[in-house]
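Residue-level listing of the chains:
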Amino acid sequence: MNDRKFILLDGKASSAAIKEELKIKTEALISSGTRPGLAVLLLGEDPASSVYVRSKEKSCKALGFHSVVQRWAAESSEEKILEQVEKWNSDDKIHGILVQLPLPKHINEEKVLLSISPDKDVDGFHPVNLGKLMLGIEAHQPCTPKGIVELLARYNIETSGKHCVVVGRSNIVGKPITNLMYQKSQHANCIVTICHSATSDLSYFTKQADILIAAIGRPEMIGSDMVKDGVVVIDVGINRVDDVSRERGYRLCGDVDFDSVSKKSSAITPVPGGVGPMTIAMLMQNTYESAMRFSKI
Ligand code: GUN
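Residues numbered from 1 in each chain as written. Predicted model: local features only at pLDDT ≥ 70, side-chain atom pairs only at ≥ 80, totals over all residues. Heavy atoms only, no water.

1. Side note on the site of the ligand
- Neighbouring residues of the ligand: Leu-98, Val-99, Gln-100, Leu-101, Asp-123 and Phe-125.
- A distance of 2.9 Å is found between a nitrogen atom of the ligand and a backbone nitrogen or oxygen belonging to Leu-101.
- A distance of 2.6 Å separates a nitrogen atom of the ligand from a polar side-chain atom of Asp-123.
- Contact with the protein chains hides 84% of the accessible area of the ligand, taken as 280 Å² for the molecule alone.
- Here the shell around the ligand is composed, by residue class, of four nonpolar, one polar and one charged. (Near = heavy atom within 4 Å. Polar contact = N/O pair within 3.5 Å; in protein donor to acceptor, adjacent residues only side chain to side chain. Areas by Shrake-Rupley, 256 points an atom, 1.4 Å probe, with all protein chains shown as cover. Nonpolar A, V, L, I, M, F, W, Y, C, P; charged D, E, K, R; others polar.)

2. Things to note about the packing of aromatic side chains
- Here the structure, examined in full by the defined rule, presents one aromatic pair.
- Summarising the aromatic geometry, the rings of Tyr-204 and Phe-205 are spaced 5.0 Å apart at their centres and angled 90 degrees between planes, so their arrangement reads as edge-to-face.
- Residue Phe-205 is classed as partly exposed on the basis of its relative accessible area, which comes to 27%.
- Note that Lys-80 overlies the ring of Trp-72, its terminal NZ or CZ placed 4.1 Å from the centroid.
- The ring of Phe-294 carries the charged tip of Lys-120 above its face, separated from the ring centre by 5.5 Å. (Phe/Tyr/Trp six-rings, centres within 6.5 Å; stacked < 30°, edge-to-face > 60°. Buried < 20%, exposed > 50% of the residue type's maximum accessible area, 1.4 Å probe, protein only. Lys NZ or Arg CZ within 6 Å of the ring centre and 35° of its normal.)

3. So, the nonpolar core
- If you look at the biggest cluster of nonpolar residues, it comprises 42 residues, and the most contacted ones within it are Ile-148, Ile-177, Met-181, Ile-213, Ile-234, Val-236 and Met-284.
- Examining the composition of this core, we find that eight residues originate from one element, helix α10 (residues 275-295), more than from any other.
- Not counting the four nearest positions on each side in its chain, Ile-213 is found in contact with Ile-148, Cys-164, Val-165, Val-166, Val-167, Ile-177, Met-181, Ile-234 and Val-236. (Core = buried A, V, L, I, M, F, W, Y, C linked by side-chain atoms within 4.5 Å. Helix = DSSP H or I, 4+ residues; strand = E, 2+ residues; numbered from the N terminus. Contact = heavy atoms within 4.5 Å.)

4. Concerning the packing of helix α1 (residues 11-31) against helix α6 (residues 143-154)
- Look at α1 against α6: their axes get within 11 Å of each other, and the N-to-C directions meet at 95 degrees. On the basis of the axis angle, α1 is roughly perpendicular to α6. Within the contact between the two elements, α1 uses Gly-11, Ser-14, Ala-17, Ile-18 and Glu-21 and α6 uses Glu-150, Leu-151 and Arg-154.
- For the contact of α1 with α6, the per-class residue count stands at three nonpolar, two polar and three charged. (Axes fitted to C-alpha atoms, helices over the stretch in contact; angles between N-to-C directions. Parallel < 35°, antiparallel > 145°, perpendicular 65-115°, else oblique.)

5. Quick word on unusual backbone geometry
- A cis amide bond, omega 0 degrees, links Leu-101 with the succeeding residue Pro-102.
- Residue placement: Pro-102 occurs in the loop between β4 (96-99) and α4 (109-115).
- Residue Val-271 is joined to Pro-272 through a cis peptide bond whose omega torsion reads 0 degrees.
- Its identity is not glycine, yet Asn-156 carries a phi of approximately 50 degrees, on the positive side.
- With respect to the secondary-structure elements, Asn-156 resides in the loop between α6 and β5 (163-167).

6. What about the pairing of strand β2 (residues 37-43)?
- Summarising burial for β2: seven of the seven residues are buried, a large majority.
- Here β2 shows a buried face lined by Gly-37, Ala-39, Leu-41 and Leu-43 and a second buried face lined by Leu-38, Val-40 and Leu-42.
- Note that the unit made of β2, helix α2 (residues 47-63) and strand β3 (residues 66-72) has a crossover that is right-handed.
- With four bridges joining them, β2 and β4 adopt parallel strand pairing. (Right-handed = clockwise from strand over helix to strand, strands pointing away. Pairing = 2+ DSSP bridges.)

7. Points about the sheet that holds β5
- One open sheet holds the six strands; their spatial order is β1-β11-β8-β7-β5-β6, and the pairing between them is parallel. With one partner strand each, in any of the chains shown, β1 (7-8) and β6 (191-195) form the two edges of the open sheet.
- Summarising the sheet, strand β7 (residues 211-214) and strand β8 (residues 232-235) pair through four bridges and their orientation is parallel. When the sheet's bridge partners are listed, Leu-212 is paired in β8 with Val-233.

8. Comments concerning the environment of Ala-16
- By the secondary structure assignment, Ala-16 is in helix α1.
- Along the sequence, Ala-16 and Pro-277 sit 261 residues apart, while their C-alpha atoms lie 8.4 Å from each other.

9. Notes on the packing of α1 against α2
- It is at 9 Å that the axes of α1 and α2 come closest, and there the two elements cross at 50 degrees. The pairing of α1 with α2 is recorded here as oblique in orientation. Residues Lys-19, Leu-22, Lys-23 and Thr-26 of α1 form the contact with α2, whose participating residues are Ser-59, Ala-62 and Leu-63.
- Within the contact of α1 with α2, the residues separate by chemical class into three nonpolar, two polar and two charged.

10. Concerning the sheet that holds β2
- With parallel pairing, three strands are arranged side by side in an open sheet as β3-β2-β4. Taken across any chain shown, the strands that pair with only one partner, and hence form the sheet edges, are β3 and β4. Averaged over all pairs of adjacent strands, the angle between strand axes in this sheet comes to 10 degrees, irrespective of strand direction.
- Set on the sheet, α2 makes contact with β2, β3 and β4; between it and β3 the angle comes to about 160 degrees.

What follows is the structure, encoded as C-alpha cells:
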C-alpha cells in the first residue's frame, strides 16, 4: 500500500478563499468612503492576454472594485499610452494601474513601466518596487511570485533552510521569486539557485531542489528523472499544446510533466488551477492594499 503523503497545492481554492476575505474587507473600505479602483490597458488581441484581462475584470466586479479596462489596437502609439498612464496616475478613483505584457514590438516596455507611479504599480514591475523587494522593504510585489509564497504559506510548506531551485530568469517571475525566496522572512529563508537557458546540465541542479519553481514556458520540460523524491513543485507554466481529442483543439499544461513528477513529489501545483488563480488573487490584494494606503493620505 502506498501511504506516501502528498499535497495538491490547490491555487483555485486558495484564491477563492483570499477573494472571499478581500470581499469582506472591501465592503468595510467602501463604507469608509474608498472603493478600490484598478485600471488595465490591453494592446492588441493576443488570445492569452485577452483571457487574463477578462479574468482580472471579472474578479474586480466580483469584489466590488471600480474597474476600468481600455482595449486598444496593437498599432497604438507609445505617446498615447504614456498619456493614458499619466491620466491614471493622477486619477483619485484609480489605485492600481496595469499595462498587460507583452507589449507590441514598437513600444518601449521599460519606458511604459517606468511611467506608472510606483504607488499605483500593483504589478510590482517598477524598478523602485523591485529594488524594495530585493532589500526586503514593504512595497507592491509582483503578483505571481507573491502568490507562490502565499500558496506555500497557506499549505504550511517548510521553506527555511531548504534549497529552492528556480528555473527561468524572466523579470515577471524568475528574478523576483529568486529575490523573495532568500529573504529572511517566515515563509522564505531558502538557499536559492537560479537556472536559465545557459545552464548546460539542468538536471544536476533540479535534482538538488527541495522546492522547485519552474517558470520556463516550455511544455512538460521537467520530467520525473529530473527531480528527487519528496520535492515540492511549483509549476508556473501555462502552455497550450495541440490536442485533437479536445473540442477546442488544444489542452493546457505546465512546464512540469505532472503525471510522472507528482508521483515523486510531496506537494505540487496543478495546471490549470495552481499558480494562475493565485496571480489574480494577489493582483486584487495589491489593489486593495493600495486603496487602503491612499485612503489614509
Ligand atoms: N503578462 C503575463 N503576466 C502578466 C502580469 O502579471 N502582469 C502584466 N502586466 N502582464 C502580464
